[in-house]
Amino acid sequence: MKPRSFLALVGLTVLAVIAAVLAVIDQPALTTLTKGEEKAFEGLSERLNEAAELVVRSNEATFSIVKTSDGWGMKDRAKYLVHFDKVKTALVSLSELKLLESKTSDPARYKRLEVEEPDAEEAQSVRFELKDGAGESMASGLIGRLNPNLFGDGGGGTYLRRGKEEQSWLAAGEVTLGKTRNDWLVRDIVDIAAEQVRRAVIRQPGGAEIVVTQEKPDSGEYKLEGVPEGRKLKDSSEAKNLAGGLWRLTFEDVKPAAEVQFPEQTNVSVYETFDGLRVHIEMTMVDKVVWGRFSATAEEASGDKADEVRKKAEEITARAKGWVYELSAGEGERLTTRIEDILEEPKKS
């Protein structure tokens, strides 16, 4: 073999070896799993009934969930109700985490496991602290990336750091902590499909109103009153859209009623169903956001389902009493619609 050919071959071999080394370095480290016995938060499972406050901090928000006489509530939202099942699942899951393997303690490598501090740019982690009734810490740490397929069908794992430790861990078990208030709050206000609506009235503060009616449930035929002669709707489905104004209605934010001042004349929407439920909404605009207060009655309920309808009305009123809700831009706009908003521009003569 000529010297030049030999050197070229050696050069290619060296490059191949370097490429192989770099490829191995670039791969995630393999995890050697052992049977985890040590609890990530020792003693927590025995003290879960003492839990009184869960503090959550993410890249998006910082808030506290506290135990109340009715369950759990959002502390800085006047203890408005949060999902009890979500709180219970989170606390039990934290108490059952078992350490499997120590991972990196180098902050420069946290991002891959999503165990960087929540205030880091684009951080996906959630830092938490669980406190007892005296305000003493029961457990704290940082929850990072989930590994749902760690054990195949047998369950997943969670990357975490405990307390303020730099050491990160892979633990058996999965924990999901909501990053925003709305991940925890019970946001449902009312849910009435357009097909159930017999009559809907959308009234402006000055008295002008739009009326949508339907003769039979699920007819698919909605009549819209209040259209000036010679004018046409921009969209033929607008009547059904307005009838569906309370379909899966949820809030964006919530405040005690005393914190939002309503004028004497407000936007009002009233929805009546074929089974006798009547939902009344008063709305006002604050800083370009629509806030509404809700109530319901069932005075015209009759037949076999009358008691069920009355119970539904009582539940809506009880849940909404003393509160005002920020509606999303789309829902707020629909429930305060003016006739001119849905009509085509008049033809110029």
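Described below are features of the structure shown in this document.

Each value, and the rule that gives it
Residues numbered from 1 in each chain as written. Predicted model: local features only at pLDDT ≥ 70, side-chain atom pairs only at ≥ 80, totals over all residues. Heavy atoms only, no water. Helix = DSSP H or I, 4+ residues; strand = E, 2+ residues; numbered from the N terminus. Buried < 20%, exposed > 50% of the residue type's maximum accessible area, 1.4 Å probe, protein only. Contact = heavy atoms within 4.5 Å. Phe/Tyr/Trp six-rings, centres within 6.5 Å; stacked < 30°, edge-to-face > 60°. Lys NZ or Arg CZ within 6 Å of the ring centre and 35° of its normal. Expected span 1.5 Å × (residues − 1). Arc of directions from axis to C-beta. Salt bridge = Lys/Arg side-chain N within 4 Å of Asp/Glu carboxyl O. Lys, Arg positive; Asp, Glu negative; His and termini not counted. Polar contact = N/O pair within 3.5 Å; in protein donor to acceptor, adjacent residues only side chain to side chain.

Bringing the side chain of serine 168 into the picture now. Within the fold, serine 168 resides in strand S9 (residues 168–172). Classification of serine 168 by relative accessible area gives buried; the value is 0%. With near-sequence residues (within four places) excluded, serine 168 lies in contact with Glu101, Ser102, Lys103, Thr104, Leu113, Val115, Leu160 and Arg161.

To continue, consider the packing of aromatic side chains. Under the criterion given, the structure shown has 6 aromatic pairs. Aromatic side chains tyrosine 80 and tyrosine 325 sit 6.1 Å apart centroid to centroid with 85 degrees between the ring planes, which places their arrangement in the edge-to-face category. Taken together, the residues tyrosine 80 in strand S4 (residues 80–81) and tyrosine 325 in strand S19 (residues 323–326) connect sequence positions 245 residues apart. Both residues of the pair, tyrosine 80 and tyrosine 325, belong to the buried class. An aromatic cluster is built from Tyr80, Phe251, Phe294, Trp323 and Tyr325, whose rings are joined through pairwise contacts. Over the ring of phenylalanine 262 we find arginine 293; its NZ or CZ atom is 3.9 Å from the centre of that ring.

Turning to helix H2 (residues 84–96), a few remarks are in order. Along an α-helix, residues three or four apart share an orientation, since each turn contains 3.6 residues. Here H2 is 13 residues long and its end C-alpha atoms lie 18 Å apart, about the 18 Å a rise of 1.5 Å per residue gives. Inspection of H2 places Val87, Ala90, Leu91, Ser93, Leu94 and Ser95 among the buried residues, and these make up the whole buried set. Contacts made by the buried residues of H2 are with strand S1 (51–57), strand S2 (62–68), strand S3 (71–74), strand S6 (126–132) and strand S7 (137–147).

Here we come to helix H5 (residues 306–320). For H5, with 15 residues, the first-to-last C-alpha span of 21 Å sits near the 21 Å given by 1.5 Å per residue. Taken residue by residue, H5 has Ala306, Val309, Ala313, Ile316 and Ala320 as its buried positions. Down the axis, H5 shows its buried residues gathered within 90 degrees of arc, on one side only. Every exposed residue of H5 that faces more than 90 degrees away from the buried side is listed here: Asp307, Glu308, Lys311, Glu314 and Ala318.

On to the pattern of salt bridges, then. Using the criterion set out here, one finds 22 salt bridges in the structure. Of the charged contacts in the structure, one is a salt bridge between glutamate 117 and arginine 161, with a shortest N-O distance of 3.1 Å. Of this pair, glutamate 117 sits in the loop between helix H3 (110–113) and S6 while arginine 161 sits in strand S8 (residues 157–162); the two residues are 44 residues apart in sequence, bridging distant segments of the chain. The buried category is assigned to arginine 161, whose relative accessible area is 3%. A salt bridge links glutamate 282 to arginine 293; the nearest nitrogen and oxygen atoms lie 3.3 Å apart. Within this pair, whereas glutamate 282 is found in strand S17 (residues 278–286), its partner arginine 293 is found in strand S18 (residues 289–297), the two being separated by 11 residues in sequence. A residue is classified by how much of its surface remains accessible, and glutamate 282, at 23% relative accessible area, is partly exposed. Taken together, the shared-partner salt bridges connect Arg57, Glu117, Arg127 and Arg161 into one network.

Looking at the element boundaries, alanine 313 is found in helix H5. Along the chain, alanine 313 and arginine 278 lie 35 residues apart, while their C-alpha atoms are 7.7 Å from each other. For alanine 313, the residues in contact, after removing those within four places along its chain, are Leu277, Ala296, Thr297 and Ala298.

For the rest of this paragraph, the subject is the side chain of glutamate 331. The residue glutamate 331 is located in helix H6 (residues 329–335) in this model. Of the buried charged residues, glutamate 331 lacks a salt bridge, with arginine 334 as the closest side chain of opposite charge at 5.1 Å. Of the polar contacts made by the side chain of glutamate 331, one reaches the side chain of serine 328; its length is 3.1 Å. For glutamate 331, the residues in contact, after removing those within four places along its chain, are Arg248, Leu249 and Thr250.

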